[in-house]
Every structure is written in C-alpha cells, then in structure tokens.
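# Structural features, examined
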Amino acid sequence: MKKRVYAVLVFLFSACGAQAYTDVGGKYTAGPDAYAGLNFFAEWGDDNYYLRPSLNTYASDLADRYSTYSFGGGLEGERWSAGAELSMTPETGGYQNTAIYADLTYNLLGLPEEDAALEAASLGVFAGLTAHEDSYASSTTTLPSGGGRRSSVSTLTEAFKLNQTDYGLSASVKAYGLRASGRFTKTAYDKDVTAEARELPLSIGSIGTSGFPDTAVSVRLRAAGLPLSPEAGYAKTAYLLDQPDSESFNFGLSVKAGAAELSAGWENFNPGGGAPRSDYYSLGVTYSF
C-alpha cells in the first residue's frame, strides 16, 4: 500500500513539474511627500493552476505605513478559469481589515486557430468582501505635515466597523498582439457611512488614497510580445459623501532580459475637486524559473 502511495505522489510531482513555473518579483514606487511603496510577490503553478502570495506596503509624510499580506490561487481550464484571494491588513493607527476576493472568467473562443487575428476574448464576474475596523474618527482640525495637511483624529468609544462589498464585470480582447481589457466595479456597504467616520485607507493602482468608493471603471491596453512592450491605463472612481471623483492615468514599459523582465512606469493621479495632481514613478523586476 505504501509503495502505491509513493508511486502516486511521484507521478503527481512529475506531472506538475513537467510544465511548472515559478515567478518572483518586486516593484518600488516613489511619489510626492516622501511616498514610498513596495510590492513583493511569488507565483508558481502550471497550465492548470497557480498559487500567489504577496506583500504590498506603502507610507508617506501624509500617511502611516499600511501593509497588506495576501495569498491567492486559481484554476485554469480551456473555457473557464477561477481565482480567489485572502488578504489582511494588520492594525496601523487604529485601522485594520481582512478581505476575500473571487472571480470567474469565461473564454469565448477556446483555443483559437493558428495565425488567427482574434487571439482571445473573455468575459468575467468578480466579487470581494472587506471587513474594516477603525478605532478613530476624523475631527475638523488639520495639522501641517511634510508640506501638506493631515486631519487629526480622536478615539472612538467603540471601534467603527464596516463591511464593504465590491462586485462587477470584466472583459478582455486580444487581437494582432494588442490586448484591451476593462473592469466596472460597484461598491455597497452594510451601514450608512457618515462624514464623522474617518475615510478608509484604500489603494488605486500603486497609489495610497482615501475615501468610500461608490463606482469605479478602468481600462488598459498592452502590446505583449514586442522587444519593448508598452502598456497604458486609465481609472476613474466615484465616492460617497460628495467627495469629488478621482482619476489616474498610467503608462509603462517592460523588456525581457534573459530570465528577468524589467519594468518601469509612470502614474498621474488626480484627486479631483481642484486639488493638485501627483506623479508617481515605479521600477520593477520579475524572475522566471
């Protein structure tokens, strides 16, 4: 019996290892007010599955350091693919959260014919639940900090708890080597949010920002397979509490260098309401084994 178990294990590891891959990488993002963001990840799998742990952390003169630890995975099929991720942001400045996310994507084409102009087309749905907990609330007093202004906070008699549900649609098309993709997200909350509750630390792209999102839309173009592969994107988010819409534009380039892929990017963030725009710059590297 033991020999049979060992034989099955050897077979499974051999099958997985035949087309298995491992990627590891990181990205550094710099911006105004001493903004510094770091992202590290590892991913391994094959044509049928993947696993991906990651760490995302950022801080600036206007914000405390927030770090998010995530672990995700997915299954890949000829027509269907599915993924899920669990993440946690430990307590910082009285705030913490835990989140779960899942998506399901349908491949409209299956395996395309060789030399076909339309290489891929897919539609997807996704949903996520984030449980926020905050021990502080905003006051009307502002304090100067690092050339900007930061709201002071006061301790609540009990922690402010809020469940945030995000759900939406995604679509992707690849033709002549150019991939276009888009996402629409709607956000709902389990209670009414008020101006007295401190804005929650969230992230748009690689940029740390704050607010209670209502709807968001994003689009992206990428030309993969070129010696120097460019990509560009746009995102717009509408918020509750009469907060103005924010938007961001980004552009990046990546190039293969042996087993490594080097990338550089620029992102311009507009918080809306006449506030000044901010520019963020990033450098990243990914190694494939």
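## Topic: the overall build of the chain
Across its full length, the chain carries one helix and 16 strands. Evaluated residue by residue, the chain yields a buried proportion of 33% over its 289 residues. Surface exposure of the chain reaches about 16900 Å², of which carbon and sulfur atoms provide 61%.

## Looking at the environment of Leu 240
Here Leu 240 shows up in the loop between strand E13 (228-239) and strand E14 (246-257). For the pair Leu 240 and Pro 213, spaced 27 residues apart in the sequence, the C-alpha separation amounts to 6.3 Å.

## Details of the nonpolar core
The nonpolar side chains of soluble globular proteins are, as a tendency, buried together. Ranked by size, the top nonpolar core spans six residues in total: Tyr 35, Tyr 58, Tyr 66, Tyr 95, Phe 269 and Tyr 280. Listed in part, the five residues of the second largest apolar core include Phe 160, Leu 162, Val 193 and Phe 212.

## Regarding the pattern of salt bridges
This structure, assessed with the given rule, holds seven salt bridges. Note that Arg 220 is salt-bridged to Glu 231, the shortest N-O span being 2.6 Å. Highlighted residues: Arg 220 in strand E12 (residues 213-223) and Glu 231 in strand E13, separated in sequence by eleven residues. Residue classification places Arg 220 among the partly exposed residues on the basis of a relative accessible area of 35%. The class of Glu 231 is partly exposed, set by a relative accessible area of 22%. If you follow the salt bridges from partner to partner, you end up with Arg 220, Arg 222, Glu 231 and Glu 261 in one network.

## As for the packing of aromatic side chains
Inspection of the entire model under this criterion finds eight aromatic pairs. Between Tyr 66 and Tyr 95, the aromatic rings sit 6.1 Å apart at their centres with planes inclined by 70°, giving edge-to-face as the arrangement. Residue Tyr 66 is located in strand E4 (residues 63-76), and its partner Tyr 95 is located in strand E6 (residues 95-107); the two are separated by 29 residues in the primary sequence. By relative accessible area, which is 11% here, Tyr 66 ends up buried. Ring centres of Tyr 234 and Phe 249 lie 4.9 Å apart, and the angle between their planes is 45°; this geometry places the pair in the tilted category. Of this pair, Tyr 234 sits in strand E13 while Phe 249 sits in strand E14, and the two are 15 residues apart along the sequence. Judged by relative accessible area, Tyr 234 falls into the partly exposed class, the value being 25%. Residue Phe 249 is classed as partly exposed on the basis of its relative accessible area, which comes to 33%. By the ring-pair criterion, three or more aromatic residues cluster together here, those being Tyr 35, Tyr 58, Tyr 66, Tyr 95 and Tyr 280. Residue placement shows Arg 52 over the ring face of Phe 41; its charged tip is 4.1 Å from the ring centre. Over the ring of Phe 126 we find Arg 183, and its NZ or CZ is 3.9 Å from the ring centre.

## Side note on the side chain of Ser 229
Assignment of secondary structure puts Ser 229 in strand E13. Exposure remark for Ser 229: the relative accessible area of 6% places this residue in the buried category. Leaving out residues up to four positions away in the same chain, Ser 229 has contacts with Arg 222, Ala 223, Ala 224, Gly 252, Leu 253 and Ser 254.

## Some details on the pairing of E12
Note on strand geometry: in a regular strand, side chains alternate between the two faces of the sheet. Of the strand pairs in this sheet, strand E9 (residues 178-189) and E12 are connected by nine bridges, and their pairing is antiparallel. By the bridge assignment, Arg 183 is partnered in E12 with Ser 218. Both E12 and E13 contribute to a ladder of nine bridges, which runs antiparallel. The partner of Val 217 across the bridge, within E13, is Lys 236. Between E12 and E13, which pair antiparallel one after the other, the connecting turn spans four residues, and Gly 225 there sits at a positive phi close to 90°.

## Notes on the confidence of the model for the chain
Looking at the chain as a whole, the pLDDT averages 84, with 81% of positions reaching at least 70. Taken together, the stretch residues 1-18 has pLDDT below 50 and engages in one contact with residues farther than four places along the chain or on a different chain. A low-confidence stretch, residues 139-151 (pLDDT under 50), is modelled with 21 contacts involving residues beyond four sequence positions or located in other chains.

## Overview of a nonpolar patch on the surface
On the surface, Leu 228, Phe 249, Phe 251, Leu 253, Trp 266 and Tyr 281 cluster together into a nonpolar patch covering about 570 Å² of accessible area. No other element matches the three residues that E14 contributes to the nonpolar patch. With respect to the helices, strands and loops of the structure, Trp 266 is situated in strand E15 (residues 260-270).

Rules used throughout
Residues numbered from 1 in each chain as written. Predicted model: local features only at pLDDT ≥ 70, side-chain atom pairs only at ≥ 80, totals over all residues. Heavy atoms only, no water. Helix = DSSP H or I, 4+ residues; strand = E, 2+ residues; numbered from the N terminus. Buried < 20%, exposed > 50% of the residue type's maximum accessible area, 1.4 Å probe, protein only. Areas by Shrake-Rupley, 256 points an atom, 1.4 Å probe, with all protein chains shown as cover. Core = buried A, V, L, I, M, F, W, Y, C linked by side-chain atoms within 4.5 Å. Salt bridge = Lys/Arg side-chain N within 4 Å of Asp/Glu carboxyl O. Phe/Tyr/Trp six-rings, centres within 6.5 Å; stacked < 30°, edge-to-face > 60°. Lys NZ or Arg CZ within 6 Å of the ring centre and 35° of its normal. Contact = heavy atoms within 4.5 Å. Pairing = 2+ DSSP bridges. pLDDT = per-residue confidence, 0-100. Patch = residues over 30% accessible without salt bridge, like charges linked within 9 Å, V, L, I, M, F, W, Y side chains within 5 Å.

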